[in-house]
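# Chains, contacts and geometry: an overview
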Amino acid sequence: MNFETIVFYVFAALTVFAALRVITSRNPVHAALFLVLAFCSMAGIWMLLEAEFLAITLVLVYVGAVMVLFLFVVMMLDINLVQLREGFWRWLLFGAALAGLMAFEMIWVLGSSRIFAGRIAIKHAADYSNTKELGRLMYTDYVYPFEIAAVILLLAMVAAIALTFRRRKDAKSQAVAKQVAVRKADRLRLIKMPAENRARQGLDSTEEVAR
Amino acid sequence: MMELLQTLHQAGQGLFGPLWLPLWTLVKIVAVVAPLMIGVAYLTLAERKVIGYMQVRIGPNRVGPYGLLQPIADGLKLLFKEIIIPTGSNRFLFVIAPIMTLMPALAAWAVIPFDVGMSVANVNAGLLYILAMTSLGVYGVIIAGWASNSKYAFLGALRSAAQIVSYEIAMGFALVCVLMASQSMNLGDIVRGQQGGAGLFGWYFIPLFPMFLVYLIAGVAETNRAPFDVAEGESEIVAGFHVEYSGMAFALFFLAEYANMILIAALTSIMFLGGWLPPFNMAPFTLVPGLFWLLSKMSFVLFLFLWFRATFPRYRYDQLMRLGWKVFIPLTLVWVVVVGAWMQTRYWLW
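Report on the accompanying structure. Remember, predicted model here, so these are calculated numbers, not experimental data. (Residues numbered from 1 in each chain as written. Chains lettered and ligands numbered in written order. Predicted model: local features only at pLDDT ≥ 70, side-chain atom pairs only at ≥ 80, totals over all residues. Heavy atoms only, no water.)

### So, a nonpolar patch on the surface
Where nonpolar side chains cluster on the molecular surface, the patch consists of A:W91, A:F94, A:L98, A:L101, A:M102, A:F104, A:M106, A:W108, A:V109 and A:L110 and spans about 1100 Å² of accessible area. As for its position among the elements, A:M102 is in helix 5 (residues 88-111). (Patch = residues over 30% accessible without salt bridge, like charges linked within 9 Å, V, L, I, M, F, W, Y side chains within 5 Å. Areas by Shrake-Rupley, 256 points an atom, 1.4 Å probe, with all protein chains shown as cover. Salt bridge = Lys/Arg side-chain N within 4 Å of Asp/Glu carboxyl O. Helix = DSSP H or I, 4+ residues; strand = E, 2+ residues; numbered from the N terminus.)

Pasting the structure below:
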């Protein structure tokens, strides 16, 4: 058993533990944090596979951005646990069937000897850039699927915003363009007045200072 | 210097065998983290002194000559203070949050090159690694805010989460421009890409000047420093996410903030200001070791951080969001296209 195998088993155990806790912990914030842990340990496993680009991107995108927003929302929700658990038995059969189907699919794909027969992971030299290879493939051989996926994501993003965005009538905001466009002449008027003759009013300069 | 390290490396390999690699890595980590911690301590003093002079005060001058022992006194004071864990807080998360803030701030230093070939790890995807690590820092803030079970802390955490996620996008696009210009994500190669006969005119801050500004400002926002310190906002939400923290737990947040500042300064120097390269490619400048140039550039950027704090009032929250989303992101997107087009012409000199 070499060092890499030990590291793999540590990360794998951590991933399984975290994934289990995601669905078993009562507090949704804890569940979200365990999901973060699962992502991080998964990134560790990918790193062992020398897929450093994917591993770092997983941390950057999912842990660094998606889960932050997730936590952001979950923390602000006032979740009633009793209400959440209400439909558990009713939906259990359906959920179990779905889970079984997914597990079957995964075993079918990953376990089939045809896909992985005769394929072993090749160890690359230290100067081999995983990122460059991925980029080359994505922008040459797979450019159409890649671009279509990007457009679908963009569409989903715009649709999500369009569906949930509601403009409040009582909201007030500043029109920054107007603020910037304001000139001195719009706000300030300088008036020229003749100076008053103070001596005639009986005020001398010392009284003026005292006031 | 390099030869000495090489011989030491070889001697160690002979002496310790397979145990040498972890040992050597540990030595390298200590060699980076120990000066960093001293730097953090003295950055706090520098901040108080610089802001003091800008406000026509003297700053701390009682502990030691010129107040030089002030950071040590502060550290000792915080070390001996009691850590109070509020009732109704989530104990585990409350304790782990400061650690989670400091961890990424230190981990990111693994790929920073200090001189030619002088880094803890020479990673090909170094730039991505840096982005990933700096994006993890927000967790400490969010968890601290939530676990404290306090309204002010929670408000601070929400503000901070929104702010950091928004500014990360602009920061990421600014870095995309850098990696387009250098055609590499390896930080060492990025510095090497700025090398040339032209000295400081070869550095990326000239072709990528808007990105340099965006990165610097987004860096200030990412580290929650004034004028973008709405996460703390003493005048509005007392101290934001760390209002419930005391003693060493608070000190860890403090350490992380300053370590992050130094990190952003190092990254700005490496990516836009030529890293370890001398400003002029002439005899007296090229003789000085590269580490000196990197440190002086970092000091300059850090001085800017302090200068900002002494100069600008705090941004209002909605203005901050507007700046991030409506100004920086469009600007960086346009500049990505501009740089891409510029690089196809023969006027690209970098």
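Back to the text.
### Considerations on the side chain of B:S135
Along the polypeptide, B:S135 turns up in helix 5 (residues 126-147). In this structure, B:S135 is in contact with A:L60, A:G64 and B:E168, ignoring residues within four places of it in sequence. (Contact = heavy atoms within 4.5 Å.)

### Overview of the nonpolar core
Residues and elements named next belong to chain B. Of all hydrophobic cores here, the largest spans 115 residues; its most connected members are W109, I112, Y139 and M271. With 16 residues, the top contributor of residues to this core is helix 5. Apart from residues lying up to four places away in sequence, I112 is in contact with M118, S119, I130, L187, L263, A266, L267 and I270. (Core = buried A, V, L, I, M, F, W, Y, C linked by side-chain atoms within 4.5 Å. Buried < 20%, exposed > 50% of the residue type's maximum accessible area, 1.4 Å probe, protein only.)

### So, the packing of helix 4 (residues 91-107) of chain B against helix 5 of chain B
A pair of packed helices is captured by two measures, namely the crossing angle of their axes and the spacing between those axes. Residue and element names in this part refer to chain B. Close contact between helix 4 and helix 5 brings their axes to 8 Å; oriented N to C, the two are set at 165 degrees. Classified by the angle between their axes, helix 4 and helix 5 sit roughly antiparallel to one another. Here helix 4 runs over helix 5; the crossing is left-handed. Mapping the contact onto sequence places L93, F94, A97, M100, T101, P104 and A107 in helix 4 and Y129, M133, L136, G137, Y139, G140, V141, I143, A144, W146 and A147 in helix 5. Residues belonging to the contact of helix 4 with helix 5 are distributed by class as follows: 15 nonpolar, three polar and no charged. (Axes fitted to C-alpha atoms, helices over the stretch in contact; angles between N-to-C directions. Parallel < 35°, antiparallel > 145°, perpendicular 65-115°, else oblique. Left-handed = near helix turned anticlockwise from the far one by under 90°. Nonpolar A, V, L, I, M, F, W, Y, C, P; charged D, E, K, R; others polar.)

### What to know about the environment of B:I99
All names here are of chain B. By secondary structure assignment, the location of I99 is in helix 4. Using a relative accessible area of 46% as the deciding quantity, one classes I99 as partly exposed. Sequence separation between I99 and A249 is 150 residues; the distance between their C-alpha atoms is 8.4 Å.

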